[in-house]
Amino acid sequence: MFLCGVLQRQHGLQHSRSHIAQCSFELSLPNLCCLAVHRQYKIGPEKGQLFEAELQKVKPLRALELGTFLGYSAVRTARSLQPGGRLLCVEANPQNAAVARQVVEYAGYGQQVQVVDGLSGQVIPRLPALLAGMQSSLPQDPVQQQQQLQLSGFDFVFLDHAKGCYLPDLEALEQLGLVRQGTVVMADNVVYPGAPGE
């Protein structure tokens with residue numbers, strides 16, 4: 001599958017970690033692009049700046065990412081979370097999820113980001129329990145706890161997984177009350193070359 005750079009599968013995560021260091025990976029992410037064999041699967045620096053600018057407006061407390069790939073957008077999202085904020089990422093490919101965990105940890109956001117392996121349709125029904133687990137790490141201040149508990153669901157959702165799942169997954173999130181009034185939803189690759197109406 002796709003791990004990192006021009007890696008062979010047999011090199012595994014240890015080589016991925018050293019490749020991250022060779023790319024001069026800093027918290028600002030300028031060189032994470034060099035990791036992806038399939039560059040079309042990451043949002044990249046141009047879209048990443050637009051993505052992060054929107055995140056700065058939202059400043060989410062709880063965020064969800066469906067389709068994490070190698071963790072590029074996860075790190076960008078984590079940088080924009082409110083203090084005490086959490087990001088839950090869902091990645092279908094277990095190898096990609098393992099790399100994303102390494103990237104997130106290396107970037108210093110391991111405590112704020114949880115990467116879950118699985119298909120979105122299988123993970124979404126488990127999200128209320130996962131979200132409750134995220135809320136168990138609420139701040140000690142009772143006023144802040146009350147404010148956070150009054151809000152249910154996610155403040156920000158990023159869809160970047162199987163494009164045919166965008167609508168059904170969004171509807172499932174709404175039915176579970178995880179996407180509510182005020183939730184900001186962003187989606188990547190909603191227009192394809194040759195798509196109707198393009």
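Everything numeric here is computed off the predicted structure, so don't read it as measured data. Just so you know, the residues in each chain are numbered from 1, in the order the chain's sequence is written. Residues qualify for local features only when their pLDDT is at least 70, as the model is predicted, and side-chain atom pairs are given and counted only at 80 or more; totals for whole chains, interfaces and linings, by contrast, use all residues. Hydrogen atoms and water are omitted, and side-chain values are computed over all heavy atoms in the structure.

**Q** Help me out: how do you make sense of the nonpolar core in this one?
**A** Grouped burial of nonpolar side chains is what soluble globular proteins tend to show. Counting 22 residues, the largest nonpolar core has L87, Y109 and V113 as the members making the most contacts within it. A helix here means a DSSP run of H or I that spans at least four residues, while a strand means a run of E at least two residues long, and both kinds are numbered starting from the N terminus. Looking at this core, the elements with two or more residues in it are helix 2 (44–58), helix 3 (72–79), strand 2 (86–91), helix 4 (94–106), strand 3 (113–117) and strand 4 (156–159). For this core, the element with the most residues is helix 4, which contributes five residues. In contact with Y109, not counting residues within four places along its chain, are V75, A78, R79 and V104. Nonpolar core, defined: a set of buried Ala, Val, Leu, Ile, Met, Phe, Trp, Tyr and Cys residues in which side-chain atoms within 4.5 Å join the residues together. Partly exposed describes any residue whose relative accessible area lies between the buried limit of under 20% and the exposed limit of over 50%, with all areas from a 1.4 Å probe on protein chains only and scaled to the type maximum. Throughout, a contact is declared for two residues whenever any of their heavy atoms are within 4.5 Å.

**Q** What is the right way to read the sheet that holds strand 1 (residues 62–66) from this model?
**A** Strands belonging to one sheet form pairs held by backbone hydrogen bonds; the direction of such a pair is parallel or antiparallel. DSSP calls a pair of strands paired once it identifies at least 2 bridges connecting them. Overall, parallel pairing links the five strands, which are arranged 3-2-1-4-5 in an open sheet. A strand with exactly one partner marks an edge of an open sheet, and here the two such strands are strand 3 and strand 5 (184–187). Going across the sheet, the axis of each strand differs from the next one's by a mean of 15°, ignoring polarity. Across five bridges, strand 2 lies against strand 3 in parallel orientation. When the sheet's bridge partners are listed, V90 is paired in strand 3 with V116. Running over the sheet, helix 8 (residues 166–175) touches strand 1, strand 4 and strand 5 and is turned about 150° from strand 1. Angles shown run from 0 to 180 degrees and are taken between the N-to-C directions of axes, each axis being a line fitted to C-alpha atoms and, for helices, limited to the stretch in contact.

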